[in-house]
Amino acid sequence: MAKPNRKHRAAKLAARQGGAEFWAILNGGADRPPTAQEIGNALVEVALQTVRLGNSGAVFARTFGAQLAGEEQLAAEIAHGAGLAGQRVIAAVFENGWLPADVWEAARRRVDEFATGLLLDSMAAYIEPFARESVDETWLAQLEDIGARTWWSREEPHFEQWATRQMLTREEALTTVVEALALLVGLPKMERIRALPGKARPRTETPHHIDEKALSRVRGLLAKAESTSFPEEAEALSAKAQELMTKYALDRVLVEADAAAPDLPGARRIWLDTPYVDAKALLIDVVATANRCRAIFASDWGFVTIVGDDADLDAVELLSTSLLVQATRAMIASGNKESRSEEARSRAFRKAFLVSYATRIGERLAAATAATIAESAAPERLLPVLASHEIAVNAAFEALFPRSRSRGIAIRSAEGWDAGRAAADRARLDSRRPIDK
């Protein structure tokens, strides 16, 4: 018990010292009440101190929130300052390459639902001044998906309305502000994969995503694959979905080869949930490769960035999401069989299973894609176009990630490896004939 107590005492001392620094920053030696802007700046400094304290940061945030809540004579300035601090930091985070969905994913992993909701509101307030046509479509779609919207009245500070809506005390609300700001100031710089609001190019044409008819058929196949309890049927349905997406993509690249300005490669991020995130990232990587994209895994945060044309990115996201569900179900089913050893329920077995499964699925996806290309109407015309496409995707990837490097995944269960490969081998990925016979 001694160590935790010492840490808490240290955090409380830091809070008191931080409080002194806070008021020094606010007043700057002047004999006057601080302005809302000064309070906002000071809150950012407090958030930085919270990050520096590491595991004791939560104690610091609570202690400081209690101190600040006692300054009732500054209630209006604090409410306004909290909003200013949020907008200042969220703008810096977006400048550093984070997208709305990325902030939301980080928040739901690191802070509670109150801080997450506060960050959603901060993002909604940030985007409000920009003309819709000047905002990248990815931004708009992500903000809608995560539920970031301006629900509050402009007549009063957002802070007070938000605290009332969440039924938080003033101390709880101010602690949450510090925790939310601390998350934001601790986020690392990332590659900017989409234009910032106000800088997006005007959309004169419909983006080349998978058309709705093809998308509906693919979704239907994958939904059946996820619902069936038979691994062979699931893999065959997934293979058919990959075949349809490949055929559509090949037709599209031939059409765009004749266009004056073909689509430039884009990028997006797919966040993964624990456990076995490195094995899951490998599955996304093999799906990306089979669909003419490149992928890179950020292990510290648990997401994969994919680079490729927008339609191919749609295909990767759709298929990999479904295969993750299927792979996890196959892994659990394999471990639950009565004939399996105790090892089959271990973490080592399950990680080895997923890595082996992804590796074999990658081999089969690559073979199925090659077969689809060979049987296309004009393979001699298609191959140079695909080669040019690969060069463009590689150039875009290297521009975003000039210092990328490959690394392996440690496997500690031969039984898990064999079981994963067997699960991936049970069915054809080319739904018309086996590719390994």
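Residues numbered from 1 in each chain as written. Predicted model: local features only at pLDDT ≥ 70, side-chain atom pairs only at ≥ 80, totals over all residues. Heavy atoms only, no water.

## Brief notes about the overall build of the chain
Broken down by element type, the chain carries 16 helices and 3 strands. Burial status across the chain gives 49% buried among its 437 residues. Long-range pairs, those at least 24 residues apart, make up 78% of the contacts in the chain with a sequence separation of at least 6. Approximately 21600 Å² of the chain is accessible, and the part contributed by carbon and sulfur atoms is 53%. (Helix = DSSP H or I, 4+ residues; strand = E, 2+ residues; numbered from the N terminus. Buried < 20%, exposed > 50% of the residue type's maximum accessible area, 1.4 Å probe, protein only. Contact = heavy atoms within 4.5 Å. Areas by Shrake-Rupley, 256 points an atom, 1.4 Å probe, with all protein chains shown as cover.)

## Thoughts on the pattern of salt bridges
Between side chains of opposite charge, a pair can form as their charged atoms come close. In the structure shown here, the tally under the stated rule is 18 salt bridges. Taking the shortest distance from any N to any O, the salt bridge between Glu95 and Arg192 comes out at 3.1 Å. Note that Glu95 is positioned in helix H4 (residues 75-95) and Arg192 in the loop between helix H9 (170-185) and helix H10 (212-227), a separation of 97 residues in sequence. On the basis of relative accessibility, which here comes to 41%, the residue Glu95 falls in the partly exposed class. The network of salt bridges with shared partners includes Glu105, Arg108, Arg109 and Asp273. (Salt bridge = Lys/Arg side-chain N within 4 Å of Asp/Glu carboxyl O.)

## A look at the packing of H4 against helix H6 (residues 113-127)
The contact between H4 and H6 brings their axes to 10 Å, and the two run at 80 degrees. Between H4 and H6, the crossing angle belongs to the class labelled roughly perpendicular. The residues of H6 that touch H4, namely those facing Gln87, Ile90, Ala91 and Phe94, are Ser122, Met123, Ala125 and Tyr126. Tallied by class, the residues present in the contact of H4 with H6 amount to 6 nonpolar, 2 polar and no charged. (Axes fitted to C-alpha atoms, helices over the stretch in contact; angles between N-to-C directions. Parallel < 35°, antiparallel > 145°, perpendicular 65-115°, else oblique. Nonpolar A, V, L, I, M, F, W, Y, C, P; charged D, E, K, R; others polar.)

## A closer look at the side chain of Ser322
Summarising the element assignment, Ser322 is placed in helix H13 (residues 310-336). Beyond its immediate sequence surroundings of up to four residues, Ser322 is in contact with Leu222 and Glu226.

## So, the packing of aromatic side chains
This structure, assessed with the given rule, holds 13 aromatic pairs. On the numbers, 6.1 Å between centres and 45 degrees between planes, the contact of Phe159 with Trp162 is tilted. With Phe159 and Trp162 both in helix H8 (residues 158-166) and 3 residues apart, this pair spans about one turn of that helix. Of the two residues, Phe159 and Trp162, both sit in the buried class. Three or more aromatic residues link up through ring pairs in this structure, and these residues are Phe94, Tyr126, Phe130 and Trp139. Lying over the aromatic face of Trp151, Arg165 brings its terminal NZ or CZ to 4.1 Å of the ring centre. Sitting above the plane of the Phe397 ring, Arg294 keeps its charged end 4.0 Å from the centroid. (Phe/Tyr/Trp six-rings, centres within 6.5 Å; stacked < 30°, edge-to-face > 60°. Lys NZ or Arg CZ within 6 Å of the ring centre and 35° of its normal.)

## Some thoughts on helix H15 (residues 379-400)
Between its first and last C-alpha, H15 extends 31 Å over 22 residues, near the 32 Å set by a 1.5 Å rise per residue. Of all the residues in H15, the buried ones are Leu382, Val385, Leu386, His389, Val393, Ala396 and Phe397. End-on, the buried residues of H15 take up no more than an arc of 115 degrees, which puts them together on one face. Away from its buried face by more than 90 degrees, H15 exposes Glu380, Ile391 and Ala399. (Expected span 1.5 Å × (residues − 1). Arc of directions from axis to C-beta.)

## Points about the environment of Ala344
Looking at where Ala344 falls in the secondary structure, it is placed in the loop between H13 and helix H14 (347-374). On the basis of relative accessibility, which here comes to 0%, the residue Ala344 falls in the buried class. Here the alpha-carbon distance between Ala344 and Ile332, two residues 12 residues apart in the chain, equals 9.0 Å.

## So, the side chain of Ser122
Turning to its location among the elements, Ser122 is positioned in helix H6. The class for Ser122 is buried, based on a relative accessible area of 13%. Discounting chain neighbours no more than four positions away, the residues touching Ser122 are Gln87 and Ile90.

## A few points about the pairing of strand E2 (residues 294-298)
Note that E2 and strand E3 (residues 303-308) share 5 bridges and pair antiparallel. For Ala295, the partnering residue across the bridge sits in E3 and is Ile306. Joining the antiparallel neighbours E2 and E3 is a turn of 4 residues, in which Gly302 adopts a positive phi near 85 degrees. (Pairing = 2+ DSSP bridges.)

## Thoughts on the environment of Leu48
Tracing the chain through its elements places Leu48 in helix H2 (residues 36-52). C-alpha separation for the pair Leu48 and Leu184, spaced 136 residues apart in sequence, amounts to 9.5 Å.

## Describing the sheet that holds E3
Read from one edge to the other, the open sheet built from 3 strands follows the order E1-E3-E2, with strand pairing classed as antiparallel. One side of each edge strand has no neighbouring strand; the edge strands of this open sheet are strand E1 (266-271) and E2. The mean angle between the axes of side-by-side strands here comes to 20 degrees, regardless of whether they run parallel or antiparallel. In this sheet, E3 lies alongside E1 in antiparallel orientation, the contact comprising 6 bridges. Of the residues in E3, the one forming a bridge with Arg269 is Thr305. Relative to the sheet, H15 contacts E1, E2 and E3, its axis offset from that of E2 by approximately 20 degrees.

## Remarks on the packing of H4 against H9
A pair of packed helices is characterised by two quantities: the angle between their axes and the separation of those axes. Two elements in contact, H4 and H9, have axes separated by 10 Å at closest approach and are oriented at 20 degrees. Taken together, the axes of H4 and H9 lie roughly parallel to each other. Between H4 and H9 the crossing geometry is left-handed. The segment H4 lies against H9, with Ala75, Ile78, Ala82, Ala85, Gly86, Val89, Ile90 and Val93 engaging Arg170, Leu174, Val177, Leu181, Leu184 and Val185. Split into classes, the residues belonging to the contact of H4 with H9 amount to 12 nonpolar, 1 polar and 1 charged. (Left-handed = near helix turned anticlockwise from the far one by under 90°.)

## Here we look at the environment of Thr369
Looking at the secondary structure, you find Thr369 in helix H14. With relative accessibility at 8%, the residue Thr369 sits in the buried group. Separated by 79 residues in the primary sequence, Thr369 and Ala290 place their C-alpha atoms 6.6 Å from one another. If we ignore the near neighbours within four places in the chain, the residues touching Thr369 are Gln242, Thr246, Ala290 and Arg292.

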